Amino acid sequence: METIYDIVRLIEPKEQGLYLTVGFEMPEDSESLTLRYSYLRHDSGDPMRLGEPFTPHEEVNIVDLGLIDPFGKQVGASGSDKEEVFVSEAQATPGYRRVPLVPGRWEVLLGAYKVQPEGVKVSIEVRIVAKSRRLLKGDLHAHTLASDGVHTVAELAVKAQRHGLDFLAITDHNQFSVLDALPQIPGLTLIPGVEWTHYRGHANFLGVDQSYDEPFAANTDEEIRTRFMSAHERGALISVNHPFEEGCGFQLDFTQLPFDCLEVWNGPMRESNLRAVGLWQSLLVQGHKIPVYGGSDYHRDTPFIFLGGPTTCVYADSAGPSDILAALRRGHAFITFNPSGPTLEMSAGEAIMGDSVSWEEQKWLWLKVDGLAKGDVVRLVTGSGAENLLEAPAPGKFETEYEMPGPGFARVEVLRAFLPGIPRLPALISNPIYFE
Ligand SMILES: [Zn+2]
Ligand SMILES: [Zn+2]
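Keep in mind that what you see is a predicted model, and the values were worked out from it rather than measured. (Residues numbered from 1 in each chain as written. Chains lettered and ligands numbered in written order. Predicted model: local features only at pLDDT ≥ 70, side-chain atom pairs only at ≥ 80, totals over all residues.)

1. Some thoughts on the overall build of the protein chain
- If you tally the helices and strands in the protein chain, you get four helices and 28 strands.
- Principal-axis analysis of the C-alpha atoms gives the protein chain an extent of 90 × 50 × 45 Å.
- The burial tally for the protein chain puts 39% of its 436 residues in the buried class.
- Counting contacts in the protein chain only where the partners sit at least 6 residues apart, residues at least 24 apart contribute 64% of the total. (Helix = DSSP H or I, 4+ residues; strand = E, 2+ residues; numbered from the N terminus. Buried ≥ 20, exposed ≤ 12 C-beta atoms within 10 Å, placed from the backbone. Contact = placed C-beta atoms within 7 Å.)

Take a look at the structure:
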């Protein structure tokens, strides 16, 4: 859905030298804005000189452009250089900041640098595209040269785009990445973050430029808690990373810390990840609602580590970091072994993965898995265990309905034999739907 405003502002000669504003209303749930303006910049030539071999086009008007948000903050300014600018939280024209399009009164800034004696008519077109839910694929854990990786952010971003990812979080050890300093790569959303890295555990703080003011270092539980609380209050998404990784497992009691997600799938699927899934399953059985995600923990290419291995697929309302993180917080996500792994749609009435429904009102779960390989096993995991729904006889897709026998949770796993003779391993893990 699009909202379009066509605005005309006549600038009078006496306004030359002033900065003027023209307001427009940003609707709720807006994703992107394209702003175009036009005016008579050069005259078409002095008629007195007709017949002469050369006619100059004189610059009769110069109007500068800028944009101000409802809080009165400058979103961008481009002088008279650009006739069109684009702003969203994921991408913006250079000179403009990537910001969420908060509802309210926005102002187009018009600088009347030069105005001809008869004044100048400025035509402004504002096109606003509304948010809509879509499936985005990304990697939530990657390191650059700023810690122990070998690539710059720009190199990582190009790699991510080549791998077919829509978003990438930059999570260097104890080094913040800052949104305004991250490069712009078309079609790729970069999410600022940090991997808080401590002898007693690692955690990603995503979506804010600076999650805490103190040094990362903390020697007591109380100091550690202060870092987490600060990140939480500033709106960072907090994930407890690779809880069973040898040498850097999570030794703190994370149930006593604010956190949003558990990273159950870190890099290639292996025993430490299977243990993390086991821990998550036991917490779900106890009645906790904990969203999960995955991250490659990419530092450099090795035979088993690549960007998007695993890929977290989110059903987000826009490509902006805040909507991607909001979707992760709500568990509207599943994890696949790579960007072209199987995909999953799952619902119970209006609820999708991560949501809760009343079992009294909605007992039926619908699911559709696409991108299955021959031999893939689709299984449903509930509080009472796992039930195989299908062993795929050939590559294809699978759709089914399942009646929940009682309240609880239901989530989907796809298991695949990646190598002959080796047991099947997860190729997909979804967040649950909770039946209350
Ligand atoms: Zn780590
Ligand atoms: Zn890491």
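Additional details are given in the paragraphs that follow.
2. Considering the domain arrangement of the protein chain
- Partitioning the protein chain into domains gives domain 1 (2-130) and domain 2 (134-435).
- Between the C-alpha centres of domain 1 and domain 2 the distance comes to 42 Å.
- Contact residues are listed per partner, giving eight residues for domain 1 and nine residues for domain 2.
- Here the side of domain 1 that touches domain 2 is built from residues that sort into two nonpolar, two polar and four charged. (Domains from an automatic or database assignment. Nonpolar A, V, L, I, M, F, W, Y, C, P; charged D, E, K, R; others polar.)

3. Examining the sheet that holds strand β4 (residues 62-68)
- Here four strands make up an open sheet; going across it, the order is β2-β7-β4-β5 and the pairing antiparallel. Only two strands of the sheet have a single partner each, and these edge strands are β2 (19-26) and β5 (74-79). Strand-to-strand twist of the sheet, defined as the mean angle between neighbouring strand axes without regard to direction, takes the value 20 degrees.
- The pairing of β4 with β5 spans four bridges and is antiparallel. For Leu-65, the partnering residue across the bridge sits in β5 and is Gly-79. (Pairing = 2+ DSSP bridges. Axes fitted to C-alpha atoms, helices over the stretch in contact; angles between N-to-C directions.)

4. Here's the deal with the sheet that holds strand β3 (residues 30-38)
- Taken in spatial order, the four strands line up as β1-β8-β3-β6 in an open sheet, and their pairing is antiparallel. Strand pairing shows two members of the sheet lacking a second neighbour, β1 (2-11) and β6 (84-88), which therefore form its edges. Looking at each pair of strands side by side, their axes are set apart by 15 degrees on average, direction ignored.

5. Topic: the pairing of strand β15 (residues 261-266)
- β15 sits mainly inside the fold: six of its six residues count as buried.
- Pairing geometry for β15 and strand β16 (residues 292-295), over four bridges, is parallel. Across the sheet, residue Asn-266 finds its bridge partner in β16, namely Gly-295.
- For the crossover that starts at β15, traverses helix α3 (residues 271-285) and ends in the parallel β16, the hand is right-handed. (Right-handed = clockwise from strand over helix to strand, strands pointing away.)

6. Digging into helix α2 (residues 221-233)
- Between its first and last C-alpha, α2 extends 18 Å over 13 residues, near the 18 Å set by a 1.5 Å rise per residue.
- Within the sequence span of α2, burial applies to Ile-224, Arg-227, Phe-228 and Ala-231. Along the axis of α2, the buried positions cluster into a sector of 90 degrees, meaning they face one direction only. Of the exposed residues in α2, those oriented more than 90 degrees away from the buried face are Glu-222, Glu-223 and Glu-233.
- Structurally, α2 contributes buried residues whose contacts are with β12 (193-198), β13 (201-206) and β14 (237-240).
- Looking one or two residues beyond α2, the residue adopting positive phi is Gly-235, at roughly 90 degrees. (Expected span 1.5 Å × (residues − 1). Arc of directions from axis to C-beta.)

7. Structural notes on the environment of Glu-118
- If you trace the backbone, Glu-118 turns up in the loop between β7 (104-114) and β8 (120-130).
- Residues Glu-118 and Leu-35, 83 residues apart in the sequence, show an inter-C-alpha distance of 26 Å.

8. Overview of the nonpolar core
- Grouped together as the largest cluster of nonpolar side chains are 79 residues, with contacts concentrated most on Leu-168, Ile-324, Leu-328 and Ile-433.
- In terms of residue count, the dominant contributor to this core is strand β26 (residues 408-416) (five residues).
- Apart from the residues lying within four places of it in its own chain, the contact partners of Ile-433 are Met-346, Ala-348, Ala-351, Met-353, Asp-355, Val-357, Leu-365, Phe-409 and Ala-410.
- Core analysis: the second largest hydrophobic core is formed by 23 residues, Leu-67, Val-85, Val-115 and Val-126 among them. (Core = buried A, V, L, I, M, F, W, Y, C linked by C-beta atoms within 7 Å.)

9. Some remarks on unusual backbone geometry
- Residue Gly-309 is joined to Pro-310 through a cis peptide bond whose omega torsion reads 5 degrees.
- In the Ramachandran plot, Asn-174 falls in the positive-phi region, its phi being about 55 degrees despite a non-glycine side chain.
- Inspection of the secondary structure puts Asn-174 in the loop between β10 (167-169) and β11 (189-191).
- Under the C-beta neighbour-count criterion, Asn-174 is labelled partly exposed, with 15 such atoms within 10 Å.

10. Side note on the environment of Thr-400
- Along the chain, Thr-400 falls in strand β25 (residues 396-403).
- A tally of 13 C-beta atoms within 10 Å means that Thr-400 is categorised as partly exposed.
- Between the C-alpha atoms of Thr-400 and Phe-259, which are 141 residues apart in sequence, the distance is 34 Å.
- Residues contacting Thr-400, with those up to four places away along its chain left out, are Leu-367 and Leu-389.

11. Side note on helix α4 (residues 321-329)
- For α4, the complete set of buried residues consists of Pro-321, Asp-323, Ile-324, Leu-325, Ala-327 and Leu-328.
- With its phi angle positive at about 75 degrees, Gly-331 sits one or two positions after the end of α4.

12. A short note on the pairing of strand β27 (residues 425-430)
- Burial analysis of β27 places five of its six residues in the buried class, the great majority of the element.
- Two elements, strand β18 (residues 333-336) and β27, share three bridges in a ladder whose sense is antiparallel. Residue pairing for β27: Ile-335 is matched across the bridge by Ile-429.
- Across four bridges, the pairing between β26 and β27 is antiparallel. Following the sheet pairing, Val-414 is matched in β27 by Leu-428.

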